[in-house]
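# Secondary and tertiary structure notes
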Amino acid sequence: MEQTIQKRLPVGGNSWVTVDVYGEPDAPGLVVVPGVMSDAHTWRHVAGSIDAWPSVVVVNRRGRAPSGALTNSYSLRTEIEDLGVVLDEFDSARTLFGWSYGGLITLLAANERPIPQVIAYEPVMRPFGRHALPDLKAAEGTADWDRCVEIVNRQISGFSAAHVDDLRADPHSWATLRRLSGPLYAELSALNAEPPPDLMAQQAEQADLIIGQRNRGTAPYGTSFDHVRQHVAHAEVHELPGQGHLAHIQAPAELGHLLNSLAAI
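As the structure is a prediction and not an experimental result, all values here were calculated from the model. (Residues numbered from 1 in each chain as written. Predicted model: local features only at pLDDT ≥ 70, side-chain atom pairs only at ≥ 80, totals over all residues. Heavy atoms only, no water.)

Along the protein chain, the regular secondary structure elements total 11 helices and 8 strands. In terms of overall size, the protein chain behaves like a compact globule, its C-alpha atoms giving a radius of gyration of 17 Å where 265 residues would be expected to give roughly 18 Å. Principal-axis analysis of the C-alpha atoms places the extent of the protein chain at approximately 45 × 40 × 35 Å. Burial statistics for the protein chain: of 265 residues in total, 53% are counted as buried. Within the protein chain, contacts between residues at least 6 apart in sequence are counted, and of these 72% link residues at least 24 apart. Side-chain charges in the protein chain split into 20 positive and 31 negative, and the spacing between the mean points of these groups amounts to 5 Å. (Helix = DSSP H or I, 4+ residues; strand = E, 2+ residues; numbered from the N terminus. Rg over C-alpha atoms; globule rule 2.2 N^0.38 Å. Buried < 20%, exposed > 50% of the residue type's maximum accessible area, 1.4 Å probe, protein only. Contact = heavy atoms within 4.5 Å. Lys, Arg positive; Asp, Glu negative; His and termini not counted. Charge placed at Lys NZ, Arg CZ, Asp CG, Glu CD.)

Further remarks concern the pairing of strand β1 (residues 3-11). In this structure, β1 lies alongside strand β2 (residues 15-23), joined through 8 bridges in antiparallel fashion. In the sheet register, Ile 5 faces β2, and the bridge partner there is Val 21. Hairpin remark: β1 followed by β2, antiparallel, with 3 residues in the connecting loop; positive phi at Gly 13, about 70°. (Pairing = 2+ DSSP bridges.)

Let us now look at the sheet that holds strand β5 (residues 95-99). One open sheet holds the 8 strands; their spatial order is β1-β2-β4-β3-β5-β6-β7-β8, and the pairing between them is mixed. Of all the strands in the sheet, the pair left with one neighbour each is β1 and β8 (236-240). On average, adjacent strands in this sheet sit at an angle of 20° to one another, irrespective of strand direction. One ladder, built from 4 bridges, connects strand β3 (residues 29-33) with strand β4 (residues 55-60); its direction is parallel. Directly across from Gly 29, in β4, lies its bridge partner Ser 55. Where helix α2 (residues 76-89) meets the sheet, its contacts fall on β1, β2, β3, β4 and β5, and the angle it forms with β1 comes to roughly 125°. Here helix α11 (residues 252-262) sits on the sheet in contact with β5, β6 (115-121), β7 (204-212) and β8, set at roughly 155° to β7. (Axes fitted to C-alpha atoms, helices over the stretch in contact; angles between N-to-C directions.)

Per the stated rule, a full pass over the model turns up 3 aromatic pairs. Cation over ring: Arg 8 sits above Trp 16, and NZ or CZ is 3.9 Å from the ring centre. (Phe/Tyr/Trp six-rings, centres within 6.5 Å; stacked < 30°, edge-to-face > 60°. Lys NZ or Arg CZ within 6 Å of the ring centre and 35° of its normal.)

Membership of the largest hydrophobic core comes to 63 residues, with the highest contact counts inside it found for Val 31, Leu 83, Val 86, Leu 107 and Val 232. If near-sequence neighbours (up to four positions away) are discounted, Val 31 is found in contact with Val 57, Val 59, Leu 83, Val 86, Leu 87, Ala 93, Thr 95, Leu 96 and Phe 97. Grouped together as the second largest cluster of nonpolar side chains are 22 residues, Leu 30, Ile 50, Val 56 and Phe 97 included. (Core = buried A, V, L, I, M, F, W, Y, C linked by side-chain atoms within 4.5 Å.)

Two numbers describe how α2 lies on helix α3 (residues 101-109): the axes approach to 9 Å, and their chain directions differ by 70°. Judged by the angle between their axes, α2 and α3 are roughly perpendicular. Between α2 and α3 the crossing geometry is right-handed. Counting all contacts with α2, which are made through Leu 76, Glu 79, Ile 80 and Leu 83, the residues of α3 involved are Tyr 101, Leu 104, Ile 105, Thr 106, Leu 108 and Ala 109. In terms of residue class, the contact of α2 with α3 is built from 8 nonpolar, 1 polar and 1 charged. (Parallel < 35°, antiparallel > 145°, perpendicular 65-115°, else oblique. Left-handed = near helix turned anticlockwise from the far one by under 90°. Nonpolar A, V, L, I, M, F, W, Y, C, P; charged D, E, K, R; others polar.)

Along helix α9 (residues 221-229), the residues that are buried comprise Tyr 221, Gly 222, Ser 224, Phe 225 and Val 228. Down the axis of α9, the smallest arc covering the buried residues is 160°, so these residues share one side. The elements touched by buried residues of α9 are α3, β7 and β8. (Arc of directions from axis to C-beta.)

Turning our attention to the pattern of salt bridges. Throughout the structure, instances matching the rule amount to 12 salt bridges. When the shortest N-O distance is used, the salt bridge between Glu 187 and Arg 64 registers 2.2 Å. Of the two residues, Glu 187 sits in helix α8 (residues 184-192) while Arg 64 sits in the loop between β4 and α2, which places them 123 residues apart along the sequence. Arg 64 shares its class with Glu 187; the two are buried. Here Asp 146 and Arg 178 are joined by a salt bridge, their closest N and O atoms 3.0 Å apart. Of the two residues, Asp 146 sits in helix α5 (residues 145-156) while Arg 178 sits in helix α7 (residues 171-180), which places them 32 residues apart along the sequence. Each of Arg 61, Arg 64, Glu 79 and Glu 187 takes part in one network of salt bridges that share partners. (Salt bridge = Lys/Arg side-chain N within 4 Å of Asp/Glu carboxyl O.)

Here is the structure:
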């Protein structure tokens, strides 16, 4: 599926979000909500591999170009309201799909409005990454984006120093990660600001949770997944073989194939 349009939607606080639309904009579709250290462009290969829905709308959440600023009033509530604006615009959406922080946003949004289906890949929730907030705050205060990338990879995701060295060896990829780390402290603070409701995705007719096989039962993503699962009582759990948290980058076709297989339309 090829991208057909990009649209800018005004949201609260005089900010805005952009969406990349693949396929037929007015047809019933899938809305994709990326997480931290990610943007709509990062999800282009997954979107391109999806054919079970006539359209795929990928949200470029605020805080990353060409969307607008987070603003001083930013919170998890901001994200839910922004997604509401997208869903009002694309009111034929059949399925919400969120990855990581985006997974939490979609599950919470499905508490507030009816949606036929919600899918979340390794959603995270409080207290995910809370231990790293002081170091992230210090790095943001000095605009040390290299340090922010190191913190998210080493202290939060638990990757090795060699993994970070490999990332740094690719100047283009490292520059992208530095840019995407700008809203990281605010987003992680918002995630940890208040406990989630006891039940999530209550107005979704169908809820599906996906875990990468390599993360099952292991910290930080597998343990956070298990925590989220306790709050989505009616969810079906699916496993993506051979993958971890970054399947959208490392195996986009495989992730797209799994999403196609889960389409409830």
